[in-house]
Amino acid sequence: MRKKIIAGNWKMNKNLEEGLALVSEASNMIKDEYNGNAKIVFIPPFIHLNAIAKMLESYPNQFVGAQNCSNHESGAYTGEISTTMIKSCGVNYVVIGHSERRQYFNEHNQWLAQKIDACLKHQLSPIYCCGETLEEREANKHFEVIEKQIGEALFHLHADAMLQVVVAYEPVWAIGTGKTASTAQAQEVHAFIRGIIANKYGKEVADQITIQYGGSVKPENAAELFSAPDIDGALIGGAALQSRSFTDIVKAME
Ligand code: PEP
């Protein structure tokens, strides 16, 4: 059975004190109230990673992720953070290619492919984000866009490396807008993504890849989204900033 993963991306929110308080509350609520076996990932700003990883050492199913990484190993890249540094903080996951990074920092698929390689080199699982804009969906180009995003950043990998990757389908029009893709719309794209992975690597590999949905996931819509056969969890923005709503989304996953 493939892994279910619920991850909360805090983006540029929470100072250290606020971040530690959030993890302390949410990790305990999840431990006390959640009986399922989904993996939980907290994705705070870089500067909180080490402290949060330490806090979660005694919570077997709860992990820490970074929001980004450099494609370089080390050197004169002021302001960048490498995957070796991230790994040394006790981190397990790294978000790669979030639409905000594509949009505001011009991250393109070829560059993202290098970041994927940098993660895998240091045993970090990339959470690779893909998804179309509203304009692309309205022009019925969403499958084409997603196929290109997945193909150009991931399909240079061998099958064993591909198995370390988590894919997050995040329609840009649903991120931070309160507009969620319907369960049918999300399932259709998730099945499409699994299909193109199967065409490249075979069904056995495709069936093991976790594909998360992201875009205005809330406690009210999580259970229905999670009932779809190809939706294996969520990448959550706004609702991950409060322990109660994050825990309630986790509890919606069996
Ligand atoms: C995200 O940033 O990945 C996201 C899905 O945000 P939100 O849940 O706020 O739409």
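Quantities reported herein were computed from a predicted structural model and do not represent experimental measurements.

1. Things to note about the overall build of the chain
Here is step 1: Looking only at helices and strands, one finds 12 helices and 8 strands in the chain.
Here is step 2: For a compact globule of 254 residues, the expected C-alpha radius of gyration is about 18 Å, and the chain comes in at 17 Å, within 12% of that figure.
Here is step 3: Counting only C-alpha atoms, the chain reaches 45 × 45 × 35 Å along its principal axes.
Here is step 4: Classification of the 254 residues of the chain by burial places 53% in the buried group.
Here is step 5: Across the chain, contacts joining residues at least 24 apart in sequence account for 71% of those joining residues at least 6 apart.
Here is step 6: With an accessible surface of roughly 11400 Å², the chain has 51% of that area assigned to carbon and sulfur atoms.
Here is step 7: The chain carries 23 positive and 29 negative side-chain charges, and their two centres are separated by 2 Å.

2. Quick notes on helix α11 (residues 219-226)
Here is step 1: Within α11 the residues assigned to the buried category are Asn221, Ala222, Leu225 and Phe226. Taken around the axis of α11, the buried residues stretch over an arc of 130 degrees, which confines them to a single face. Residues Glu220 and Glu224 are exposed on α11 and point more than 90 degrees away from its buried face.
Here is step 2: Lining the buried residues of α11 we find β1 (5-9), α9 (183-201), β7 (211-214), β8 (233-236) and α12 (243-251).

3. Some details on the side chain of Asn68
Here is step 1: In this fold, Asn68 is placed in the loop between β3 (62-66) and α3 (83-88).
Here is step 2: Only 2.8 Å separates the side chain of Asn68 from the side chain of Lys115, close enough to count as a polar contact.

About the criteria used
- Residues numbered from 1 in each chain as written.
- Predicted model: local features only at pLDDT ≥ 70, side-chain atom pairs only at ≥ 80, totals over all residues.
- Heavy atoms only, no water.
- Helix = DSSP H or I, 4+ residues; strand = E, 2+ residues; numbered from the N terminus.
- Rg over C-alpha atoms; globule rule 2.2 N^0.38 Å.
- Buried < 20%, exposed > 50% of the residue type's maximum accessible area, 1.4 Å probe, protein only.
- Contact = heavy atoms within 4.5 Å.
- Areas by Shrake-Rupley, 256 points an atom, 1.4 Å probe, with all protein chains shown as cover.
- Lys, Arg positive; Asp, Glu negative; His and termini not counted.
- Charge placed at Lys NZ, Arg CZ, Asp CG, Glu CD.
- Arc of directions from axis to C-beta.
- Polar contact = N/O pair within 3.5 Å; in protein donor to acceptor, adjacent residues only side chain to side chain.

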